[in-house]
Amino acid sequence: MNVVRLVLGSLLMGSLLITPACGKKGPPYIPKKPVTAKVVDLKAERSGNDIVLEGNIGGLGEPGKEKQFTGLRVYFAQYPLKDPPCADCPIEYKDHYDLGSEVIKGERFLYRLKDRPKDQIYFFRMNIIGPEGNLGPPSNQVQVK
């Protein structure tokens, strides 16, 4: 009788070890909180050799609550004026700048890109950078010559 119990117990323990685990596979960390704030009404204009980017930030929530951002990510692409992309072509953003929260004043921001050649056409898009480094939704796309 002891031998039967020992064999059954061993089989039961063995079956528990080979059963598939349940739950989601992935790294054991808390998911990042989504960023709901977004750059809206992005505008770009040339000022001499500089390009000035400005706009509003929507979805910040109530004043006094935890900041939903640590800065802005500016994606940009540039093409020669003589060879711009077609009107319906997607723009490939290869480069970006990360800006700190110092460019944000309340619900507005202003940033000046210095010394940009005038023989280029520039495209810009921005995202809010959240407190955990995750990005908010993309802004509208703007272009300036």
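Preceding this paragraph is the structure being described.
Report follows, based on the coordinates. (Residues numbered from 1 in each chain as written. Predicted model: local features only at pLDDT ≥ 70, side-chain atom pairs only at ≥ 80, totals over all residues. Heavy atoms only, no water.)

Some points on the sheet that holds strand 5 (residues 104-105)
Then step 1. Strand order in the open sheet made by the four strands is 1-2-6-5, with antiparallel pairing throughout. Every other strand in the sheet has two partners, leaving strand 1 (38-47) and strand 5 as the edge strands with one partner each.
Then step 2. Here strand 1 pairs with strand 2 (residues 50-58) via eight bridges, running antiparallel. Residue pairing across strands places Val40 opposite Asn56, the latter belonging to strand 2. (Pairing = 2+ DSSP bridges. Helix = DSSP H or I, 4+ residues; strand = E, 2+ residues; numbered from the N terminus.)

Observations concerning the pairing of strand 2
Then step 1. Counting the residues between successive antiparallel strands, the hairpin from strand 1 to strand 2 contains two residues, one of them, Gly48, with a positive phi of roughly 70°.
Then step 2. Pairing geometry for strand 2 and strand 6 (residues 108-113), over six bridges, is antiparallel. Residue pairing for strand 6: Val52 is matched across the bridge by Arg112.

Some thoughts on the pattern of salt bridges
Then step 1. Applying the stated criterion across every chain yields a total of three salt bridges.
Then step 2. As a salt-bridge pair, Asp50 and Arg112 come within 3.3 Å of each other at their nearest N and O atoms. With Asp50 in strand 2 and Arg112 in strand 6, this pair connects stretches of sequence that are 62 residues apart.
Then step 3. Assessed through its relative accessible area of 36%, Arg112 is described here as partly exposed.
Then step 4. In this structure, the salt-bridge partner of Arg73 is Asp98, at a minimum N-O distance of 2.6 Å. Taken together, the residues span a long stretch of sequence, with Arg73 in strand 3 (residues 71-80) and Asp98 in strand 4 (residues 95-100) at a distance of 25 residues.
Then step 5. The class for Arg73 is buried, based on a relative accessible area of 17%.
Then step 6. For Asp98, a relative accessible area of 44% puts it in the partly exposed group. (Salt bridge = Lys/Arg side-chain N within 4 Å of Asp/Glu carboxyl O. Buried < 20%, exposed > 50% of the residue type's maximum accessible area, 1.4 Å probe, protein only.)

With respect to a nonpolar patch on the surface
Then step 1. A cluster of nonpolar side chains, namely Val3, Val4, Val7, Leu8 and Leu11, defines an oily patch on the protein surface of about 490 Å² accessible area.
Then step 2. Within the fold, Val4 resides in helix 1 (residues 2-18).
Then step 3. Exposure remark for Val4: the relative accessible area of 47% places this residue in the partly exposed category. (Patch = residues over 30% accessible without salt bridge, like charges linked within 9 Å, V, L, I, M, F, W, Y side chains within 5 Å. Areas by Shrake-Rupley, 256 points an atom, 1.4 Å probe, with all protein chains shown as cover.)

Digging into the nonpolar core
Then step 1. In this structure, Ile51, Leu53, Leu72, Phe109, Phe124 and Ile128 are the most contacted members of the largest nonpolar core, which totals 24 residues.
Then step 2. Broken down by secondary-structure element, the contributors of at least two residues to this core are strand 1, strand 2, strand 3, strand 6, strand 7 (120-129) and strand 8 (142-144).
Then step 3. With four residues, the top contributor of residues to this core is strand 7.
Then step 4. Apart from residues no more than four positions distant in its own chain, Leu53 is found in contact with Lys43, Ala44, Val74, Phe109, Leu110, Tyr111, Leu113 and Phe124.
Then step 5. If you look at the next biggest cluster of nonpolar residues, it comprises six residues, including Ile91, Tyr93, Ile121 and Phe123. (Core = buried A, V, L, I, M, F, W, Y, C linked by side-chain atoms within 4.5 Å. Contact = heavy atoms within 4.5 Å.)

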